[in-house]
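A structural walkthrough
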Amino acid sequence: MRVAMATDAGHPGRANEDFAGAVPCGMVLVDGAGGISGADEVCHHGIAWYATRLGGALLGALAEDRSLRDVLAEGIERVTDQHRDTCDVTHPISPFAAVAMLRFSGGTVEHLVLGDAVAVVGRAVGEPVVAHDPREVVIARSFEERLRDVPEGGDEYRRLFMELRARRNSPGGFWVAKDDPRVVDEAVTGECPADDVRTAALLSNGASRLVDTFGLTDWPGLLRLLETDGPAEVVRRVREAEAREGVATDDATVICRT
């Protein structure tokens, strides 16, 4: 088995806010996200800091004999404690993140997804297991329509953006890693026999759009592309599609084990 990764920042002049890493027993991807103007006054560490700290905490705990939900809950609590005294961690525009994890141990491959990241597990027989949570995408699309003709940075734009943020980590809304470890109860989890697994991958939503936004392949096709050309080719094709369709770029990250 080998692990390969590719990542590309989606915003020139701004740090890549994705994190991905691997240890012998698994892989972690954290897709950092934040607020709007003024976020640096709420948390001076920034989104990339949050994603990197959370990702490192999760990687360090993957080998422990605990559920993936417990690993994520402790990671959220640990990182929140690291800046609770200096930043307003509960503010709606403080950093948050989508999370995807895979763990290979005890004859099983376990997955966990919180937010709009994606875990894909390719099996020797049958369709791949695709773990994702569509709630944020569904809610965000309704706001995208309302924001379409609103000048960015204005009062109305900020009001709508804050309304969207209010749907986060609340019943009827969507769920992400932020300051409350109880959100792990909303994570999508599952497992399958390790002997049945051929390829496994984690993708940020900036990379998964090759399938779920542009429809240029399906999940089995994505896994075949990873096996033949690697994750860098997935990112390249995403950038090519964004340019062709006039779609704004986003941080795009893929980590896979083949």
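Here the structure is a predicted model, which is why all the values come from computation and not from measurement.

**What to know about the packing of helix α4 (residues 135-147) against helix α5 (residues 155-166)**
Across the interface, α4 lies against α5 with an axial gap of 11 Å and an inter-helix angle of 170°. By the angle class used here, α4 and α5 are roughly antiparallel. When α4 is examined against α5, the residues Ile 139, Ala 140, Phe 143, Arg 146 and Leu 147 are found in contact with a partner set consisting of Tyr 157, Arg 159, Leu 160, Glu 163 and Leu 164. Of the residues in the contact of α4 with α5, the class split is seven nonpolar, no polar and three charged.

**Quick notes on the pairing of strand β3 (residues 26-33)**
Here β3 lies mainly inside the structure; seven of its eight residues are buried. Here strand β2 (residues 18-23) runs beside β3; their pairing, made up of six bridges, is antiparallel. Bridge pairing in β3 places Gly 21 opposite Val 28. Connecting the antiparallel pair β2 and β3 is a turn made up of two residues. Here β3 runs beside strand β4 (residues 96-105); their pairing, made up of eight bridges, is antiparallel. In the strand pairing of β4, Leu 29 is matched with Ala 100.

**A look at unusual backbone geometry**
Unlike most non-glycine residues, Asn 169 shows phi in positive territory, near 55°. By the secondary structure assignment, Asn 169 is in the loop between α5 and β8 (188-193).

Scoring rules and cut-offs
- Residues numbered from 1 in each chain as written.
- Predicted model: local features only at pLDDT ≥ 70, side-chain atom pairs only at ≥ 80, totals over all residues.
- Heavy atoms only, no water.
- Axes fitted to C-alpha atoms, helices over the stretch in contact; angles between N-to-C directions.
- Helix = DSSP H or I, 4+ residues; strand = E, 2+ residues; numbered from the N terminus.
- Parallel < 35°, antiparallel > 145°, perpendicular 65-115°, else oblique.
- Contact = heavy atoms within 4.5 Å.
- Nonpolar A, V, L, I, M, F, W, Y, C, P; charged D, E, K, R; others polar.
- Buried < 20%, exposed > 50% of the residue type's maximum accessible area, 1.4 Å probe, protein only.
- Pairing = 2+ DSSP bridges.

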